[in-house]
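# Breakdown of the fold
So the chains spell out like this:
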Amino acid sequence: MTAATALTSPAFTQSVLRLDEVAVGELDPAKASDYADSILMFNVYDTLVLPTQGGPGSEPHLAESWEVDGATYTFNLRDDVSFQSGNPMRAADVVFSLERMQALGQGLSHLFGGVKAEAVDEHTVRFTLDEPYAPFIASLVRLPIVDQTLVEANATEDDPWGEEFLSANAAGTGAYTVSSHNPQDETVMAVSDSYFLPIDDHAPDEVRLRYSLEAATVRTLLAQGEHDIASQWLPPEVIRALAEDGAQLLTESGTGAFYIKLNTARPPLDDVNCRQALAHAFDYGTALQMVAITDDVSSGSASTGAIPVGMFGANPADEVLERDMDAAREYLADCPYAPEDWNLEISWIAEVPLEERFALLMQANFAELGISSSIETLPWALFTERVASPENTPNISQIFVNAVTGDPDTLLYGMYHSSTPGTWQSPEYLDDAEVDAALEAGRRGPGEEEREEAYSNLNDRLMELAPTIYGYDRQSVFAASNRVKVPALSDPEMAFGLDGMGFSFRLMEMVEE
């Protein structure tokens, strides 16, 4: 049997969806922050609102409706929702979920600083913000509601928030329950028979989310009909070969970009001229060629600046960044560090093999300026540990970052505000009053005009400071077998505009050919 035949006619005996992502899969919803975590969260848990499919804005989900009065938001909850434990979902669970996330202070908890919640009655919850926050409704897609009764039953004096329990078990209302969970190997989920919304009869009965499979393994499994959706991190030529073998290509339009992050707290990149030299020496055109899949499908589009095209504050699509070696040499001449003394540490994430190629591209680009560098491979878990302190953070890191709520605030605030250094999103360790002011103005709004101005100012300031090389605006591309239909990743009118939510398994269909 040829690979093409296998991809179009795999063995099909039961409704099992198999896909892969980069480890680790963080199951605790208060700690979730990256792509694998998002897939788990959007299927095992629910939120008060969901992004509107095929357009902007939000629509009710666990909430039936809401009202806004200044900095106060009042939500009326559905009365027909139960957790997978059988416990009814109440306003008290919403309050508990917020307070738990704030107490742990991990994941995306920074979205909810200065927010208080109270249960008005069993099915009404009120949020009060310390100050106006324009993206608040959008941010609620990152507040998964957990089962207070179940979590407290599994808490201890030393573990009052049930962290150990929720690291291996689910406590949500989601369409899928967790059968088993190994954050480095595989999470197995089963469709819930008590979900409050209809689930298509053709949705997968079981899902196996595998972590950190090698590209060759994924290609073999897909060809043999033993895998269904490959992660977005496969090298472009592997995705291209899979498409030539009969795989369909699914896409998720990005709300983020590929960022080459410069550690501004360590010499020589603590100087803006040194950083500008690297930013102008980077070969943006070759970088784009490296992520092309076919003539019609690519994992990236040309960057125009610090903010992806289409978001508040972005430069026009035709103002693309280009390599300028003359400007790079001028900046280097003003850099206080002699280039022959540099030895930049360029890191790449071991689970994302494409990044090795960008590391080699940078090494060659910078060598043209007389700058030497070394390349280091870092597994994701080690990278997140290293960036917790500026002295251990590599000179150069490569990261794909997305707006986790679809709003630019959640793309940019966690990367660049001086209050959020030392995470995987912010290895630059940038501390700039103008950047902080623009980010805070973007949060306040209140209207689109004010937010556009704030983010435009932010874009200008970031390009002036060059804490990051903006490689390209991204689009996720997934090779998939033809036994799965994913409207949210194939039909723009069904897309959520939020990375990871296209993998809502209840909206997929498994088909036998």
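Residues numbered from 1 in each chain as written. Predicted model: local features only at pLDDT ≥ 70, side-chain atom pairs only at ≥ 80, totals over all residues. Heavy atoms only, no water.

## Here we look at the overall build of the chain
The cut-off we apply is this: Each helix is a run of DSSP H or I of at least 4 residues and each strand a run of E of at least 2, with the numbering of both proceeding from the N terminus. Residue contacts are counted whenever heavy atoms from the two residues lie within 4.5 Å of one another. Calculation of accessible area relied on Shrake-Rupley with a 1.4 Å probe; when residues are assessed, cover is drawn exclusively from the protein chains displayed.
Looking only at helices and strands, the chain has 16 helices and 18 strands in total. When the backbone C-alpha atoms are referred to their principal axes, the chain occupies close to 65 × 65 × 45 Å. Intrachain contacts of the chain at a sequence separation of at least 6 include 73% that bridge at least 24 residues. When the accessible area of the chain is evaluated, it comes to approximately 19,600 Å², of which 45% is carbon and sulfur surface.

## Considerations on the state of the cysteines
Cysteine pairs can be covalently joined through their sulfur atoms, and such a bond is termed a disulfide. For clarity, the cut-off: The term disulfide is used for any two cysteine sulfur atoms that are within 2.5 Å. Between buried and exposed lies partly exposed: a residue is buried under 20% and exposed over 50% of the maximum accessible area for its type, with that area taken using a 1.4 Å probe on protein chains only.
Using the criterion set out here, one finds one disulfide in the structure. Paired by a disulfide, Cys 274 and Cys 335 hold their sulfur atoms 1.9 Å apart. Note on the Cys 274 and Cys 335 pair: the S-S dihedral is about 75 degrees, so by sign convention the disulfide is right-handed. Of the two residues, Cys 274 sits in helix 9 (residues 272-281) while Cys 335 sits in the loop between helix 11 (325-333) and strand 13 (343-349), which places them 61 residues apart along the sequence. Cys 335 gets classed as buried once you look at its relative accessible area, which sits at 9%.

## With respect to helix 16 (residues 448-465)
The cut-off we apply is this: Residue count minus one, scaled by 1.5 Å, sets the expected span of a helix.
The end-to-end C-alpha separation of helix 16 is 25 Å, in line with the 26 Å expected for 18 residues at 1.5 Å each. The complete set of buried residues in helix 16 reads Arg 451, Ala 454, Tyr 455, Leu 458, Asn 459, Arg 461, Leu 462 and Leu 465. The elements touched by buried residues of helix 16 are helix 9, helix 14 (409-416), helix 15 (433-444) and strand 16 (468-480). Remark: Ala 466 follows helix 16 within two positions and exhibits a positive phi of approximately 50 degrees.

## Overview of the packing of helix 14 against helix 16
As a reminder, the rule being used: To obtain an axis, a line is fitted to C-alpha atoms, over the contacting stretch when the element is a helix, and the angle between two such axes runs from 0 to 180 degrees between their N-to-C directions. Between 65 and 115 degrees an angle is taken as roughly perpendicular, under 35 as roughly parallel, over 145 as roughly antiparallel, and anywhere else as oblique. In this scheme the crossing of two helices becomes right-handed for a clockwise turn of the near helix relative to the far one and left-handed for an anticlockwise turn of less than a right angle. Each residue is assigned to one of three groups, with Ala, Val, Leu, Ile, Met, Phe, Trp, Tyr, Cys and Pro labelled nonpolar, Asp, Glu, Lys and Arg labelled charged, and all others, Gly among them, labelled polar.
The N-to-C vectors of helix 14 and helix 16 enclose an angle of 40 degrees; their axes lie 13 Å apart at closest approach. As the angle between them shows, helix 14 and helix 16 are arranged oblique. Relative to helix 16, the crossing made by helix 14 is left-handed. From helix 14, Asp 409, Leu 412 and Tyr 416 reach across to helix 16, where they touch Arg 451, Tyr 455, Leu 458 and Leu 462. In terms of residue class, the contact of helix 14 with helix 16 is built from five nonpolar, no polar and two charged.

## Side note on the nonpolar core
Side chains that are nonpolar tend, in soluble globular proteins, to be buried together. Going by this rule: Joining through side-chain atoms within 4.5 Å is the link that ties buried Ala, Val, Leu, Ile, Met, Phe, Trp, Tyr and Cys residues into a set, and such a set is a nonpolar core.
Grouped together as the largest cluster of nonpolar side chains are 78 residues, with contacts concentrated most on Leu 48, Phe 75, Phe 127, Leu 140, Ile 229, Phe 503 and Phe 505. When residues no more than four places from it in sequence are discounted, the contact partners of Ile 229 are Leu 17, Arg 18, Leu 19, Asp 20, Leu 250, Phe 478, Ala 479, Ala 480, Val 484, Val 486, Phe 503 and Met 508.

## A closer look at unusual backbone geometry
For the bond running from Ala 23 to Val 24, omega is 5 degrees, close enough to zero to count as cis. By the element assignment, Val 24 lies in the loop between strand 1 (16-21) and helix 2 (35-44). Going from Gly 445 to Pro 446, the amide bond is cis rather than trans, its omega being 5 degrees. Mapped onto the secondary structure, Pro 446 falls in the loop between helix 15 and helix 16. Located in the positive-phi region is Ser 212, a residue other than glycine, with phi close to 60 degrees. Residue placement: Ser 212 occurs in the loop between strand 10 (206-211) and helix 7 (215-223). You can call Ser 212 partly exposed: its relative accessible area is 32%. Within the chain, Ala 466 stands out as a residue other than glycine whose phi angle is a positive 50 degrees.

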